[in-house]
Amino acid sequence: MVWKIHPSHLRRVNKLVKTLCSCYDRGNCILLDDGESHKCVQVISCSGIYCNYFKRAVLPADKELYEQIKKHNKSK
């Protein structure tokens, strides 16, 4: 399930990906690597959380942002 994000969350989400995600490698995602590089779907997304790894393992590191995004998605 995709979690929608408010545009004000985008900068913080991208910062988390680039600083804490162990799968992020210079704009690419090593989880998607099949011999060719693939862009990180979370960094190129503007409207939601599409990466399950990010949602489960990285996003909870920012408790405030995590709660804001969860609350934003429960109201829909």
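Here goes a summary of the coordinates provided. Within every chain, residues take consecutive numbers counted from 1 along the sequence as written. Since the coordinates come from a predicted model, pLDDT governs what is reported: local features require at least 70, and pairs of side-chain atoms require 80 or more to be given and counted, while whole-chain, interface and lining totals use all residues. Based on all heavy atoms of the structure, the side-chain values leave hydrogens and waters out of the count.

When its secondary structure is counted, the protein shows four helices and four strands. Numbering of helices and strands runs from the N terminus, with a helix taken as a DSSP run of H or I at least four residues long and a strand as a DSSP run of E at least two residues long. Reading the helices (α) and strands (β) of the protein from amino to carboxyl end gives β-α-β-β-α-β-α-α. Whereas a compact globule of 76 residues would reach a radius of gyration of roughly 11 Å, the protein reaches 12 Å, a difference of no more than 12%. Counting only C-alpha atoms and orienting by the principal axes, one finds that the protein spans roughly 40 × 20 × 20 Å. Among the 76 residues that make up the protein, the fraction classed as buried is 33%. Look at the contacts in the protein between residues 6 or more apart in sequence, and 61% of them connect residues 24 or more apart. Only the C-alpha atoms count toward the radius of gyration. The rule for a globule is 2.2 Å times the residue count to the power 0.38. Working definition: with a 1.4 Å probe on protein chains only, accessible area under 20% of the residue-type maximum means buried, over 50% means exposed, and in between means partly exposed. In what follows, residue pairs with any heavy atoms lying within 4.5 Å of each other are defined as contacts.

This part covers helix α1 (residues 10-20). Note that an α-helix has 3.6 residues per turn; residues three or four places apart therefore point the same way. By the burial criterion, the buried members of α1 are Val13, Asn14, Leu16 and Val17. Down the axis of α1, the buried set is contained in an arc of 155 degrees. They therefore lie on one face. When the buried face of α1 is taken as reference, the exposed residues oriented beyond 90 degrees from it are Arg11, Lys15 and Thr19. Buried residues along α1 sit against β2 (24-25), α2 (41-44), β4 (48-49), α3 (52-58) and α4 (63-74). Each direction from the helix axis to a C-beta atom contributes to the arc, which is the arc of those directions.

A word on empty space enclosed by the protein. With a 1 Å grid laid over protein atoms only, a set of points is called a cavity when a 1.4 Å probe fits there but cannot get out and a pocket when it is open yet has protein on both sides within 12 Å along at least five of seven lines; lining residues have an atom within 4 Å of a point. Grid points are joined across faces, edges and corners, and a volume is the space filled by probe spheres set on the points. Tallied over the entire structure, the rule returns one cavity of 30 Å³ or more. Roughly 50 Å³ of internal volume is contained in the largest cavity. If you trace the largest cavity, you find it lined by Val17, Cys21, Cys23, Tyr24, Cys29, Cys40, Val41, Gln42, Cys51 and Phe54. Charged means Asp, Glu, Lys or Arg here, nonpolar means Ala, Val, Leu, Ile, Met, Phe, Trp, Tyr, Cys or Pro, and polar covers whatever is left, Gly included. Its residues assigned to classes, the lining of the largest cavity shows nine nonpolar, one polar and no charged.

Another point: the pattern of salt bridges. Within this document, salt bridges are pairs made up of a side-chain nitrogen of Lys or Arg and a carboxyl oxygen of Asp or Glu, the two lying within 4 Å of each other. According to the stated counting rule, one finds four salt bridges in the structure shown. Here Arg12 and Glu64 are joined by a salt bridge, their closest N and O atoms 3.8 Å apart. Here Arg12, found in helix α1, pairs with Glu64, found in helix α4; they are 52 residues apart in sequence, far enough to count as distant. Its relative accessible area of 29% is what places Arg12 among the partly exposed residues. For Arg26, the salt bridge identified is with Asp25, shortest N-O distance 3.3 Å. According to the relative accessible area criterion, Asp25 is partly exposed, its value standing at 32%. A single salt-bridge network, built from bridges that share partners, covers Arg12, Asp62 and Glu64.

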